[in-house]
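Secondary and tertiary structure notes
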Amino acid sequence: MTQISTNERVLRSSVTMEECKKIEKVLRENNISYFEKWNTHKGLLSFLNNGKNARCDIYIHKDAFEQAEKALGKNA
């Protein structure tokens, strides 16, 4: 399992922008804090990145992981 530090865990990885908005809505409704790390093209091919190909990883605090999984399971 990927971790940024000892307190954060990956909830979802390689999520599209549309999926990200749906997950954000559920997390906000359940008062679960999160952050996103967007994976975009860098360097010579950066002009090809128009947002459609962007993917993100959603991280949450390890103490809220089970609560987030339950909330997303109900709404998935």
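Residues numbered from 1 in each chain as written. Predicted model: local features only at pLDDT ≥ 70, side-chain atom pairs only at ≥ 80, totals over all residues. Heavy atoms only, no water.

A closer look at the environment of Gln67
Stated precisely, the cut-off is as follows: Runs of E in the DSSP output that reach at least two residues are strands. Runs of H or I that reach at least four are helices, and both are numbered from the N terminus. A simple rule labels every residue: compare its accessible area, found with a 1.4 Å probe on the protein chains alone, to the largest value its type can have, and call it buried under 20%, exposed over 50%, or partly exposed in between.
Within the secondary structure, Gln67 is located in helix α2 (residues 65–75). The exposure class of Gln67 is partly exposed, given its relative accessible area of 43%. Along the primary structure Gln67 and Leu27 are separated by 40 residues, whereas in three dimensions their C-alpha atoms are 9.5 Å apart.

Observations concerning unusual backbone geometry
Not every positive phi belongs to a glycine, and Ser14 is a case in point at roughly 50 degrees. Summarising the element assignment, Ser14 is placed in strand β1 (residues 8–15). Even without a glycine there, the phi angle at Asn31 is positive, about 55 degrees. If you trace the backbone, Asn31 turns up in the loop between α1 (17–29) and β2 (34–39).

A few points about the packing of aromatic side chains
Stated precisely, the cut-off is as follows: A pair of aromatic rings is counted whenever rings of Phe, Tyr or Trp (Trp by its six-membered ring) have centres within 6.5 Å, and the orientation is called stacked for planes under 30 degrees apart, edge-to-face for over 60 and tilted otherwise. Should the NZ of a Lys or the CZ of an Arg lie within 6 Å of a ring centre and within 35 degrees of the ring normal, that charge is described as sitting over the ring.
Here the structure, examined in full by the defined rule, presents 1 aromatic pair. Between Phe35 and Tyr59, the ring centres sit 5.1 Å apart and the planes meet at 10 degrees, which makes this aromatic pair stacked. Placement of Phe35 in strand β2 and of Tyr59 in strand β3 (residues 55–61) is noted, with a sequence separation of 24 residues between them. Judged by relative accessible area, which is 32%, Phe35 ranks as partly exposed. Taking the ring centre of Phe65 as reference, the NZ or CZ of Arg9 above it sits at 4.1 Å.

Notes on the sheet that holds β3
What counts, and what does not: When DSSP locates at least two bridges between a pair of strands, those strands are taken to pair. Orientation is described by axes fitted as lines to C-alpha atoms, over the contacting stretch for helices, and by angles from 0 to 180 degrees between their N-to-C directions.
Taken in spatial order, the 3 strands make up an open sheet running β1-β3-β2, and their pairing is antiparallel. The strands lining the two open edges of the sheet, one partner per strand, are β1 and β2. Across the sheet, the mean angle from the axis of one strand to that of its neighbour is 20 degrees, orientation sign disregarded. Across 6 bridges, the pairing between β2 and β3 is antiparallel. Within β3, the residue paired with Lys37 across the bridge is Asp57.

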